[in-house]
Amino acid sequence: MSDSGKSFSNVETSGYVGFANLPNQVHRKSVKKGFEFTLMVVGESGLGKSTLVNSLFLSDLYPERVIPNAVEKQNMTVKLDASTVEIEERGVKLRLTVVDTPGFGDAIDNSDSFSAILEYIDEQYERFLRDESGLNRRNIVDNRIHCCFYFISPFGHGLKPLDIEFMKKLHCKVNIVPVIAKADVLTKKEIQRLKCRILQEIEDNGIKIYPLPDCDSDEDEDYKEQVRQLKEAVPFAVCGSTTLLEVKGRKVRGRLYPWGVVEVENPDHCDFIKLRTMLITHMQDLQEVTQEVHYENYRSERLAKSVRKNTNSVIKEENGSVPGEVLSEKDRILREKEEEIRRMQEKLAQMQAKFQAQK
């Protein structure tokens, strides 16, 4: 048989095929498309949420923010304020949306503080589900909340009842990252003591915070050490500042006090760098957990409700003598949906077990 008649199974491959370049293709495509990320910041007024976000991303997301006075705060309801900014760094574009929650925890009665936030999160899931089920699925804008920074006051002795109740309502819907605000008002010993107390209260109340993923055995040692330090830093004790100060001949962002300067980007002064590193290096994982755990959970619940609603309507129609062919078609659709829900619930249980094992 001539060479041209050889089958593919008999052709010996050379030592290099070329699919090792696939990551480069994915990288180029991703960079060209850009990235989307939505961060929610929740906490009482005066904890420096806006300043920290501006410090993290070196931009002014709230140029027209009006600070309410004490009387206005008492009558405020929780409003959600979404600000989007396009950030470009070395050719990589990030479409960052920050959702602020002014008014949270400011009222005398905060029993209804969570409803607006929970509704907003569910609305984004519902919008994504609707777009995903529509005809044009090419240009879906993902506004789902990928991460929530929950700010804890440094002036208490741990979590307040409001903090516990809110996180318990939210932890099944979004990735929660606890943050101790204005950590520069505490000594190192006080910070460590407060961290231990907060972690203990989180565990005692069955609250699930975002678990940083474990490293694979073949990972770089420097990366393993970085992840270990990030895990030890939770909850992150931070302070923010957009003011440039001169310290020993160099420009730093920090806060000036009579006794000295607190440098925002100095790891010995606060966990600002660790928080930013966690957010940037695990941005993809935060999106994957949102998609595979929180969104799938919402989607399965929505389908389950839809099936129950349709089942009830079928029963009503049966009592009303609906033709047999219509009932059989509806029965078939219901069975398909029930089977899909069962598969999704099995997948969700596996995912949750996997992430629980990583903690």
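These numbers were taken from a predicted model, which means no experiment stands behind them. Sequence positions are assigned chain by chain, starting from 1 and proceeding in written order. Selection of residues for local features in this predicted model requires a pLDDT of at least 70, selection of side-chain atom pairs for listing and counting requires 80 or more, and totals for whole chains, interfaces and linings are taken over all residues. The side-chain quantities take in all heavy atoms of the structure and omit both hydrogens and water.

1. Some thoughts on the sheet that holds strand 2 (residues 81–89)
Which entries qualify depends on this criterion: One requirement defines pairing of two strands: DSSP has to find at least two bridges between them. Numbering of helices and strands runs from the N terminus, with a helix taken as a DSSP run of H or I at least four residues long and a strand as a DSSP run of E at least two residues long. Contact between two residues is taken to exist if any of their heavy atoms lie within 4.5 Å; hydrogens are not considered. Every angle, taken between N-to-C directions, lies between 0 and 180 degrees, and every axis is a line fitted to C-alpha atoms, over only the stretch in contact when it is a helix.
Strand order in this open sheet of six strands is 2-3-1-4-5-6, and the pairing throughout is mixed. Whereas interior strands pair on both sides, the edge strands pair on one side only; in this sheet they are strand 2 and strand 6 (236–237). Bridge count for strand 4 (residues 147–152) against strand 5 (residues 176–180) is five bridges, and the pairing is parallel. Its bridge partner lying in strand 5, Tyr 150 is registered against Pro 178. In this fold helix 4 (residues 113–132) packs onto strand 1 (35–42), strand 2 and strand 3 (92–100), with an angle of close to 165 degrees to the strand it touches most, strand 1. The sheet strands contacting helix 5 (residues 161–170) are strand 1, strand 4 and strand 5, and the helix crosses strand 4 at an angle near 170 degrees.

2. A word on the pattern of salt bridges
The following threshold applies: Salt bridge, as used here: a side-chain nitrogen of Lys or Arg that lies within 4 Å of a carboxyl oxygen of Asp or Glu.
Summed over all chains, the structure comprises 14 salt bridges. When the shortest N-O distance is used, the salt bridge between Glu 232 and Arg 228 registers 2.6 Å. Of this pair, Glu 232 and Arg 228 both sit in helix 7 (residues 221–233), separated by four residues, roughly a single helical turn. Through salt bridges with shared partners, one network takes in Glu 225, Arg 228 and Glu 232.

3. Side note on the sheet that holds strand 9 (residues 260–263)
Taken together, the three strands give an open sheet; going across it, the order is 7-8-9, and neighbouring strands pair in antiparallel fashion. The open sheet has two free edges, formed respectively by strand 7 (244–247) and strand 9, since each of these has just one partner strand. Ignoring which end each strand starts from, the neighbouring axes of this sheet average 70 degrees apart. Pairing geometry for strand 7 and strand 8 (residues 250–257), over four bridges, is antiparallel. Bridge pairing links Leu 244 to Arg 253 in strand 8.

4. Here we look at the confidence of the model for the protein chain
Convention followed: One number per residue, pLDDT, summarises how confident the predictor is, and it ranges from 0 to 100.
Looking at the protein chain, the pLDDT average stands at 79 and 78% of residues meet or exceed 70. No element of the protein chain has a lower mean pLDDT than helix 3 (residues 70–74), which averages 50, and none a higher one than strand 5, which averages 94. Low confidence marks residues 321–327, where pLDDT is under 50. Its contacts with residues over four positions away, or in another chain, come to four contacts.

5. With respect to the UniProt feature "site: Important for dimerization" (unreviewed entry) in the protein chain
Inclusion rule: UniProt positions are given in the numbering used here, feature names are shortened, and annotations may be inferred rather than shown by experiment. Here the term buried applies to any residue with accessible area under 20% of the maximum for its type, exposed to any over 50%, and partly exposed to those in between, with areas from a 1.4 Å probe on protein chains only.
The UniProt entry lists Phe 155 under the feature "site: Important for dimerization" (unreviewed entry), expressed in the numbering used here. Looking at the secondary structure, you find Phe 155 in the loop between strand 4 and helix 5. A relative accessible area of 59% means that Phe 155 is categorised as exposed.

6. Regarding empty space enclosed by the protein
Note the following rule: Only protein atoms enter the calculation, which uses a 1 Å grid: trapped sets of points that fit a 1.4 Å probe without letting it out are cavities, open sets showing protein on both sides within 12 Å along at least five of seven lines are pockets, and any residue with an atom within 4 Å of a point is a lining residue. Grid points are joined across faces, edges and corners, and a volume is the space filled by probe spheres set on the points.
On inspection of all chains with the given rule, the structure shows one cavity of 30 Å³ or more. What the largest cavity holds in volume is close to 50 Å³. Lining of the largest cavity is provided by Ile 176, Val 177, Pro 178, Ile 209, Tyr 210, Leu 212, Val 234, Phe 236 and Met 278. No other element matches the three residues that strand 5 contributes to the lining of the largest cavity.

7. Some words on the layout of surface pockets
Let me state the cut-off plainly: In this classification, Asp, Glu, Lys and Arg are treated as charged, Ala, Val, Leu, Ile, Met, Phe, Trp, Tyr, Cys and Pro as nonpolar, and every other residue, Gly included, as polar.
Size it by volume and the largest pocket reaches roughly 720 Å³. Considering the residues around the largest pocket, the lining is formed by 22 residues, among which Lys 33, Gly 34, Phe 35, Glu 36 and Asp 142 are closest to the centre. For the lining of the largest pocket, the secondary structure elements donating two or more residues are helix 1 (22–33), strand 1, strand 3, helix 4 and helix 9 (283–319). The element best represented in the lining of the largest pocket is helix 9, accounting for four residues. For the lining of the largest pocket, the residue count by class is four nonpolar, seven polar and 11 charged. By volume, the second largest pocket is sized at about 610 Å³.

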